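Each chain, letter by letter, is given below.
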Amino acid sequence: MYNQAINSYNQMNMNIDKPEKLILMLYEGALRFTTFAKKAIEKNDIEKKVNYIIKTSNIFIELINSLDIEKGGDIAIYLQGLYTQQLKNLAEANAKNDIKYLDETINVLKELISAWKEETGIN
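Let me sum up the structure you'll find in this document. (Residues numbered from 1 in each chain as written. Predicted model: local features only at pLDDT ≥ 70, side-chain atom pairs only at ≥ 80, totals over all residues. Heavy atoms only, no water.)

### Considerations on the packing of helix α2 (residues 19-42) against helix α5 (residues 99-120)
Selection criterion: Only the stretch in contact is used when fitting a helix axis, every axis being a line fitted to C-alpha atoms; angles between N-to-C directions are given from 0 to 180 degrees. Helix and strand definitions here come from DSSP, where helices need a minimum of 4 consecutive H or I residues and strands a minimum of 2 consecutive E residues; each element is numbered from the N-terminal end. Roughly parallel means an angle under 35 degrees; roughly antiparallel means over 145; roughly perpendicular covers 65 to 115; every other angle is labelled oblique. Left-handed describes a crossing in which the near helix is turned anticlockwise from the far one by less than a right angle; the clockwise case is right-handed. All amino acids are sorted into three groups, where Ala, Val, Leu, Ile, Met, Phe, Trp, Tyr, Cys and Pro are nonpolar, Asp, Glu, Lys and Arg are charged, and the leftover types, Gly among them, are polar.
Where α2 contacts α5, the axes come no closer than 9 Å and their chain directions differ by 160°. Considered as vectors, α2 and α5 are oriented roughly antiparallel to each other. The element α2 and its partner α5 pack so that their crossing is left-handed. Per-class residue counts for the contact of α2 with α5 are 14 nonpolar, 4 polar and 7 charged.

Given below as structure tokens:
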């Protein structure tokens, strides 16, 4: 099973020929996991909620770590603040079991995906 996971990972990485595509995949993954967390809250499935919130948080942490403030300037600083706010929303949703925080993150992610696709021309 471990070898299958490694092979899948390697195949996926081979399909990512541009860093712009990777960012889009991260945004889409975060959107998917946030949506799953929302459904888990609605079903009162605490274990799934926590798992999906952790997965989404890890994506935002990776996005923050990938920012180059020196090269990206004001845009990178803005994104750093935006991503940090989403981490706060995820923590609030987890602590309060309240989907309104997830709805805010879902809206932000949809806007990020749309803007990224427009900017990069990647679908």
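### Observations regarding the nonpolar core
Nonpolar side chains in soluble globular proteins tend to end up buried together. Which entries qualify depends on this criterion: The nonpolar core is taken to be a set of buried Ala, Val, Leu, Ile, Met, Phe, Trp, Tyr and Cys residues, with the residues joined through side-chain atoms within 4.5 Å. Exposed residues in this analysis have more than 50% of their type's maximum accessible area, buried residues have under 20%, and partly exposed residues fall in between, with area computed by a 1.4 Å probe over protein chains only. Whether two residues touch is decided by their heavy atoms; if any such pair falls within 4.5 Å, the residues are in contact.
Ranked by size, the top nonpolar core spans 27 residues in total, and within it Tyr27, Phe60, Leu63, Tyr83, Leu109 and Leu112 carry the most contacts. For this core, the secondary structure elements donating two or more residues are α2, α3 (46-66), α4 (69-96) and α5. With 9 residues, α2 is the single largest residue contributor to this core. In contact with Phe60, other than residues within four places in its own chain, are Ala30, Tyr83, Gln86, Leu87, Leu90, Thr105 and Leu109.

### A few points about the layout of surface pockets
So the rule is basically this: Lining residues are those with an atom within 4 Å of a point, where the points come from a 1 Å grid over the protein atoms alone and group into cavities, where a 1.4 Å probe fits but cannot get out, or pockets, open sets with protein on both sides within 12 Å along at least five of seven lines. Grid points are joined across faces, edges and corners, and a volume is the space filled by probe spheres set on the points.
Of the volumes computed, that of the largest pocket is approximately 540 Å³. Lining the largest pocket we find 18 residues, and of these Tyr27, Ile75, Leu79, Tyr83 and Trp116 sit closest to its centre. Of all the secondary-structure elements, those providing two or more residues to the lining of the largest pocket are α2, α3, α4 and α5. Taken together, the residues that form the lining of the largest pocket break down as 13 nonpolar, 2 polar and 3 charged.

### Description of the pattern of salt bridges
Put simply, the rule is: The salt bridge criterion pairs a side-chain nitrogen of Lys or Arg with a carboxyl oxygen of Asp or Glu, the two atoms within 4 Å.
The final tally for this structure, using the stated rule, is 2 salt bridges. The partner of Asp103 in a salt bridge is Lys38, and the shortest N-O contact between them spans 2.7 Å. Linking Asp103 in helix α5 with Lys38 in helix α2, this pair joins segments that are 65 residues apart in sequence. The class for Asp103 is partly exposed, based on a relative accessible area of 27%. For Lys96, the salt bridge identified is with Glu92, shortest N-O distance 2.9 Å. One end of the pair, Lys96, and the other, Glu92, are both in helix α4, 4 residues apart, so they sit about a helical turn from each other.

### Considerations on α5
Applicable threshold: A helix is expected to span 1.5 Å for every residue after the first. Identification of polar contacts relies on pairs of N or O atoms within 3.5 Å, with a donor-acceptor requirement for protein atoms, meaning one able to donate a hydrogen and the other able to accept it, and with residues adjacent in sequence counted only if both atoms are side-chain atoms.
Here α5 is 22 residues long and its end C-alpha atoms lie 31 Å apart, about the 32 Å a rise of 1.5 Å per residue gives. Taken together, the buried positions of α5 are Tyr101, Leu102, Thr105, Ile106, Val108, Leu109, Leu112 and Ile113. The secondary structure elements touched by the buried residues of α5 are α2, α3 and α4. Of the residues flanking the start of α5, the one acting as N-cap is Asp98, its side-chain oxygen 3.0 Å from the backbone nitrogen of Lys100. Where α5 terminates, the next one or two residues include Gly121, which has phi positive at roughly 75°.

### Things to note about the environment of Leu31
Considering the arrangement of structural elements, one finds Leu31 in helix α2. Overall, Leu31 belongs to the buried group, its relative accessible area being 18%. With 75 residues separating them in the primary sequence, Leu31 and Ile106 have C-alpha atoms 6.0 Å apart. Setting aside anything within four residues of it in sequence, one finds Leu31 in contact with Ile106, Leu109, Lys110 and Ile113.

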